Number of protein chains: 2
Amino acid sequence: MNQCLGILRVVEYLKRDELKHVLKIQTTVLKTLQQFMISRGFVQLMPIVTSTLTDPLGPDPRSSVIKTPTIDYYGQRLVLTQSMILHKQLALISGLDRIFIFSPNIRLERKERIVTGKHLFEFTQMDFEIAHATMDDVMRLVEDMVVETIKAVKKYRKDELEQLERKLKVPEKPFRVYTTHEMEEEFGKDWELEASKAHTQPFWVVCHKREFYDREDPEKPGHYRNYDLVWPEGFGEALSGGEREWEYERIIRRIERDGLDKSKYEQYLELAKLGLLKPSAGAGIGIERFVRFLAGVEHVGDVQPFRRVPGEEVIV
Amino acid sequence: MNQCLGILRVVEYLKRDELKHVLKIQTTVLKTLQQFMISRGFVQLMPIVTSTLTDPLGPDPRSSVIKTPTIDYYGQRLVLTQSMILHKQLALISGLDRIFIFSPNIRLERKERIVTGKHLFEFTQMDFEIAHATMDDVMRLVEDMVVETIKAVKKYRKDELEQLERKLKVPEKPFRVYTTHEMEEEFGKDWELEASKAHTQPFWVVCHKREFYDREDPEKPGHYRNYDLVWPEGFGEALSGGEREWEYERIIRRIERDGLDKSKYEQYLELAKLGLLKPSAGAGIGIERFVRFLAGVEHVGDVQPFRRVPGEEVIV
């Protein structure tokens, strides 16, 4: 690519009025989320970027990362964080029962995902976990959080929303809840986008067959005590979470069923074997996707001053 | 190392009461910093972890990273962020004049640095930049920020400070200012630790010969319009910042003087050549070092649930 054209595009892109409006909305979102979590008794951790282990992102059929990036530090191979889920479980060992983190995630998505409008290979999620909580606890907390954030944006970023010609409605609680089975029946296997378009309010979709750490219903094997929040109007997935597996035998069975390499989770499994993991539930909400929805912009990459979209060359 | 012993150490480490107190103090620090910056008109950006370019961390004699870690994504070589300084300058092109970020930095420090008590190979700094600002503007802002944060911790984390047997004084503004020349004269070439021990209040040290982006005084070549804040009582460096070079010719001269590879800053230099960089000043304050000072703990690694100390094996 012509590097000079690339640079001129960067300048034009950075100078858009839209970007300034979007980043001001983002500031209100970040402030509201942090205050909300702290007001609910959460303790804030710093993110980690490197570790000996990270989220496998599989066998979730939605995942399509090409590989987990690694670096070498004095002969130790460290993976970059794809999500902090396993570390959230480990952090609860401390005795703190409510934790949250603004956590940058690196996911080297397949370049074909440039077209989805909602994928980035680098993004931040606000990740939280609550010891001894159920999915209902988390869903109610998230509904309060979403409503409070939308109210704050409508109140403090009125001008920016007007400039963006974005009308936002405060959703009514509780949000509607569907199962993935219902969604597939109505909208087909790839239900997310169509279902999102068919709604004007955020809604829950529960029971996803995915990573080993999401709890399988002990009373209904093949069903899962996890949940996604989906933004309406075609903006798609907002948040992903679940109750967690914490018992060694169940975790091992799931890892084996998924055909994952156990040696990659050695320390985590050791701690599970010692009975140190706790029953918990939590979620991660994508900041850039939340801001995209609130600002009503075309592509999630449009909210990043420095775009990190799979399939696009990184200029700066 | 015996992996099982390692795991038991992790558990013991995570369960310390000290860690819980420290992380609660950290929560108050993060909330106060964010609110302070927003109340002063700053817009919050998300961090970036990967890019085509990052801070060279040289020829600062304090820097001793073994190499800049890189990953490959569809044939594009991306470096991990050592600091967001260059991107802060680029972000100001947007027209936003006051920006801040909680930015995780990866710096593969030499393992000998395990003994300093203040080095991590992964940490977070709150990084900010102000267009058209001078060093005095930044120094006054930081003094207000530090005083406000210490007041908040004393007010909201009284119990935790008591448990940690930590007595904190609110420092008086303005903080004392020394030059590096004065420091070297009094405490020798490695003045930081001894000077820190000799003080009971945070203090400024100005005029450091370091990276090309820190502005050399046009009226006094060989002198630099930059500044470090140093915590007292032996806790050492708190914050590093400076007015910036923004003119292409001056930047090029500095890069050449430092013997750096220009091709690593191609896009940045292109933007500088187009006259798009702005005069600015800013700084980055280390969160873990701030929390370490406030909590009065031995090693900066002790504030991390998942330790990232150079020379220590990473367990999880």
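The residue count restarts for each chain, going from 1 along the sequence in the order it is written. Just so you know, chain letters begin at A and ligand numbers begin at 1, following the order they were written in. pLDDT decides what is reported in this predicted model: residues at 70 or higher carry local features, side-chain atom pairs at 80 or more are listed and counted, and totals for whole chains, interfaces and linings draw on all residues regardless. With hydrogens and water set aside, each side-chain value is computed from the structure's full complement of heavy atoms.

Asks: Even after reading the chapter, I still don't get the overall build of chain A, so can you show me in this structure?
Replies: Strands are runs of DSSP state E lasting at least two residues, helices are runs of H or I lasting at least four, and both sets are numbered from the N terminus onward. Helix and strand counts for chain A come out as ten helices and eleven strands. In summary, chain A has a C-alpha radius of gyration of 20 Å against a globular reference of 20 Å for 316 residues, a match within 12%. Expressed along its principal axes, the backbone C-alpha trace of chain A runs to roughly 55 × 50 × 40 Å. Sequence-distant contacts, at least 24 apart, represent 74% of the contacts inside chain A between residues at least 6 apart. Total accessible area computed for chain A in this model is approximately 12400 Å², and 48% of it derives from carbon and sulfur atoms. Charge assignment: positive for Lys and Arg, negative for Asp and Glu; neither His nor the chain ends contribute. Here the site of a charge means atom NZ of a Lys, CZ of an Arg, CG of an Asp or CD of a Glu. Within chain A, one finds 48 positive and 51 negative side-chain charges whose respective centroids are separated by 3 Å. For a compact globule the rule gives 2.2 Å times the number of residues to the power 0.38, and the radius of gyration it is set against comes from C-alpha atoms. The contact criterion used is simple: two residues touch if any of their non-hydrogen atoms lie within 4.5 Å. Accessibility throughout is a Shrake-Rupley quantity obtained with a 1.4 Å probe, and a residue counts as covered only by protein chains that appear here.

Asks: Please explain the sheet that holds strand S3 (residues 70-73) of chain B as it appears in this structure.
Replies: Sheet strands line up and pair through hydrogen bonds in the backbone, either parallel or antiparallel. Residue and element names in this part refer to chain B. Two strands make a pair as long as DSSP finds a minimum of two bridges between them. A sheet is described by the order of its strands in space; here three strands give the open sequence S2-S4-S3, paired in antiparallel fashion. In the strand order of this sheet, the two ends are held by strand S2 (50-51) and S3, each with one partner. Sheet analysis places S3 next to strand S4 (residues 76-80), joined by four bridges and oriented antiparallel. Note on S4: the bridge partner recorded for Thr70 is Val79.

Asks: I'm lost on the packing of helix H2 (residues 17-39) of chain A against helix H4 (residues 135-156) of chain A in this one. Help?
Replies: In helix packing, the relevant descriptors are the interaxial angle and the interaxial distance, both defined with respect to the helix axes. All names here are of chain A. At their nearest, the axes of H2 and H4 sit 9 Å apart, and the two run at 140° to each other. By the criterion of interaxial angle, the relationship of H2 to H4 is oblique. In the packing of H2 onto H4, the handedness of the crossing is right-handed. Between H2, through Ile25, Thr28, Val29, Thr32, Leu33, Phe36 and Met37, and H4, the contact on the second element is made entirely by Leu141, Asp144, Met145, Glu148, Thr149, Ala152, Val153 and Tyr156. Here the term charged refers only to Asp, Glu, Lys and Arg, the term nonpolar to Ala, Val, Leu, Ile, Met, Phe, Trp, Tyr, Cys and Pro, and the term polar to all other amino acids, Gly among them. Here the residues of the contact of H2 with H4 are counted per class, giving ten nonpolar, three polar and two charged. Each axis is a line fitted through C-alpha atoms, taken for helices only over the stretch in contact, and angles between the N-to-C directions span 0 to 180 degrees. Any angle that is under 35 degrees is reported as roughly parallel, and any over 145 degrees as roughly antiparallel; angles of 65 to 115 degrees are reported as roughly perpendicular and all others as oblique. We call a crossing left-handed when the near helix sits turned anticlockwise from the far one by less than a right angle, and right-handed when that turn is clockwise.

Asks: Would you mind showing me how to read the sheet that holds strand S3 (residues 70-73) of chain A here?
Replies: All names here are of chain A. If you walk across this open sheet you meet the three strands as S2-S4-S3, and the pairing is antiparallel. Each edge of the open sheet carries a strand with a single partner, namely strand S2 (50-51) and S3. Taken together, the two bridges between S2 and strand S4 (residues 76-80) define a ladder with antiparallel strand orientation. Across the sheet, the residue bridging to Thr50 is Leu80, located in S4.

Asks: Sorry, what's going on with the packing of H2(A) against helix H2 (residues 17-39) of chain B here?
Replies: Running from amino to carboxyl end, H2(A) crosses H2(B) at an angle of 150°, the nearest separation of the two axes being 11 Å. As the angle between them shows, H2(A) and H2(B) are arranged roughly antiparallel. Crossing handedness for the pair H2(A) and H2(B): left-handed. Between H2(A) and H2(B), the residues in contact are Thr27(A), Leu30(A), Lys31(A), Gln34(A), Gln35(A) and Ile38(A) and Thr27(B), Leu30(B), Lys31(B), Gln34(B), Gln35(B) and Ile38(B), respectively. When its residues are assigned to classes, the contact of H2(A) with H2(B) shows four nonpolar, six polar and two charged.

Asks: What is the right way to read the interface of chain B and chain A from this model?
Replies: Interfaces are often described in size by the accessible area the parts lose on coming together. The interface of chain B with chain A comprises 73 residues on the first partner and 73 residues on the second. Summing both partners gives a buried area of about 6400 Å² for chain B against chain A, and 70% of it is carried by carbon and sulfur. Polar contact is defined as a pair of N or O atoms within 3.5 Å, subject to the rule that within protein one atom must be able to donate a hydrogen and the other to accept it, and that residues adjacent in sequence are counted only when both atoms are side-chain atoms. Run the count over chain B and chain A and you get 23 residue pairs in polar contact (both at pLDDT 80 or more). Here the side of chain B that touches chain A is composed, by residue class, of 40 nonpolar, 17 polar and 16 charged. Accessible area that two parts lose when put together, evaluated with a 1.4 Å probe and summed over both, is termed the buried area.

Asks: What's the story with the side chain of Thr50(B) in this structure? I'm lost.
Replies: Assignment of secondary structure puts Thr50(B) in strand S2. Of note is the side chain of Thr50(B), whose polar atom sits 2.7 Å from the side chain of Glu122(A). The contact partners of Thr50(B), leaving out residues within four places of it in the chain, are Ile106(A), Phe121(A), Glu122(A), Arg308(A), Ile71(B), Leu78(B), Val79(B), Leu80(B) and Thr81(B).

Asks: When you look at the pairing of S3(A) in this model, what are you seeing that I'm missing?
Replies: For a regular strand, side chains alternate in direction, first toward one face of the sheet and then toward the other. Under the scheme applied here, a residue whose accessible area is under 20% of the maximum for its type counts as buried, over 50% as exposed, and between as partly exposed, the area being computed with a 1.4 Å probe on protein chains only. Across the two faces of S3(A) the burial differs, with Ile71(A) and Tyr73(A) buried and Thr70(A) and Asp72(A) not buried at all. Linking S3(A) to S4(A), which pair antiparallel, is a turn of two residues; within it Tyr74(A) sits at a positive phi near 50°.

Asks: Looking at this model, I keep getting lost on the relation of the copies chain B and chain A. Mind explaining?
Replies: Between the two copies of this chain, the relationship is a rotation about some axis together with a displacement along it. Alignment of copies: least-squares fit on C-alpha atoms of residues with pLDDT of at least 70 in both copies. Taken as rigid bodies, chain B and chain A are interconverted by a rotation of 180° and an axial shift of 0.0 Å, the fit giving an RMSD of 0.0 Å. Interpreted geometrically, this transformation is the action of a two-fold axis. In terms of C-alpha distance to the rotation axis, chain B has Ile71(B) as its closest residue, with the C-alpha 3.6 Å off the axis.

Asks: Sorry, what's going on with unusual backbone geometry here?
Replies: Leave glycine aside and you will find that most residues have negative phi; peptide bonds, for their part, are mostly trans. All names here are of chain A. A cis amide bond, omega -10°, links Lys173 with the succeeding residue Pro174. Structurally, the position occupied by Pro174 is in the loop between helix H5 (158-163) and strand S7 (176-179). A positive phi angle is found at Tyr74, which is not glycine, with a value near 50°. With respect to the helices and strands, Tyr74 occurs in the loop between S3 and S4. With relative accessibility at 37%, the residue Tyr74 sits in the partly exposed group. Phi angles above zero are rare outside glycine, and Glu233 is one such case at about 60°. Of note, Glu233 is situated in the loop between strand S9 (226-231) and strand S10 (236-243).

Asks: Looking at this structure, I do not really get helix H10 (residues 287-295) of chain B. What am I missing?
Replies: Because each turn of an α-helix spans 3.6 residues, side chains separated by three or four positions end up pointing in the same direction. By the criterion of burial, H10(B) is predominantly enclosed, with nine of the nine residues buried. Just beyond H10(B), the residue with positive phi is Gly296(B), at close to 70°.

Asks: Even after reading the chapter, I still don't get the environment of Glu129(A), so can you show me in this structure?
Replies: Residue and element names in this part refer to chain A. Within the secondary structure, Glu129 sits in strand S6 (residues 122-131). Sequence separation of Glu129 and Ile99 is 30 residues, and the distance between their C-alpha atoms is 5.6 Å. A polar atom in the side chain of Glu129 sits 3.2 Å from the side chain of Lys88.

Asks: Please explain the pattern of salt bridges as it appears in this structure.
Replies: Pairs can form between side chains of opposite charge once their charged atoms are near each other. A pair is scored as a salt bridge if a Lys or Arg side-chain nitrogen falls within 4 Å of a carboxyl oxygen belonging to Asp or Glu. Tallied over the full model, the rule gives 65 salt bridges over all chains. Two residues, Arg250(A) and Glu245(A), come together in a salt bridge whose shortest N-O distance is 2.7 Å. On the accessibility criterion, Arg250(A) (16% relative accessible area) is buried. Of the charged contacts in the structure, one is a salt bridge between Lys197(B) and Glu194(B), with a shortest N-O distance of 3.9 Å.

Asks: Teacher, can you tell me more about the confidence of the model for chain A here?
Replies: It should be kept in mind that the predicted coordinates are not to be read in detail where pLDDT is low. pLDDT is defined as a per-residue confidence score from the predictor, taking values between 0 and 100. Per-residue confidence for chain A gives a mean pLDDT of 96; residues scoring 70 or more make up 98%. Both confidence scores are given for the complex: pTM 0.97, ipTM 0.97.

Asks: What am I meant to see in the packing of aromatic side chains here?
Replies: For any pair of aromatic rings, the description rests on two quantities: the centre-to-centre distance and the angle between the ring planes. Only rings of Phe, Tyr and Trp enter the pairing, Trp through its six-membered ring, and a pair is recorded when the two centres are within 6.5 Å. The plane angle decides the type: under 30 degrees is stacked, over 60 is edge-to-face, the rest tilted. This structure, assessed with the given rule, holds 26 aromatic pairs over all chains. With a centroid separation of 6.1 Å and 65° between ring planes, the pair formed by Phe212(A) and Tyr268(A) is classed as edge-to-face. In this pair, Phe212(A) sits in the loop between strand S8 (203-206) and S9 while Tyr268(A) sits in helix H9 (residues 266-273), placing the two residues 56 residues apart along the sequence. Taking the relative accessible area as the measure of exposure, Phe212(A) reaches 0% and is therefore buried. Tyr268(A) gets classed as buried once you look at its relative accessible area, which sits at 0%. Each ring, one from Trp231(B) and one from Phe293(B), has its centre 4.5 Å from the other, and the planes form 10°; the classification is stacked. Taken together, the residues span a long stretch of sequence, with Trp231(B) in strand S9 (residues 226-231) and Phe293(B) in helix H10 at a distance of 62 residues. Here Trp231(B) and Phe293(B) have matching classes, each one buried. Ring-pair connections join several aromatic residues into one group, and the members of that group are Phe42(A), Phe100(A), Phe102(A) and Phe128(A).

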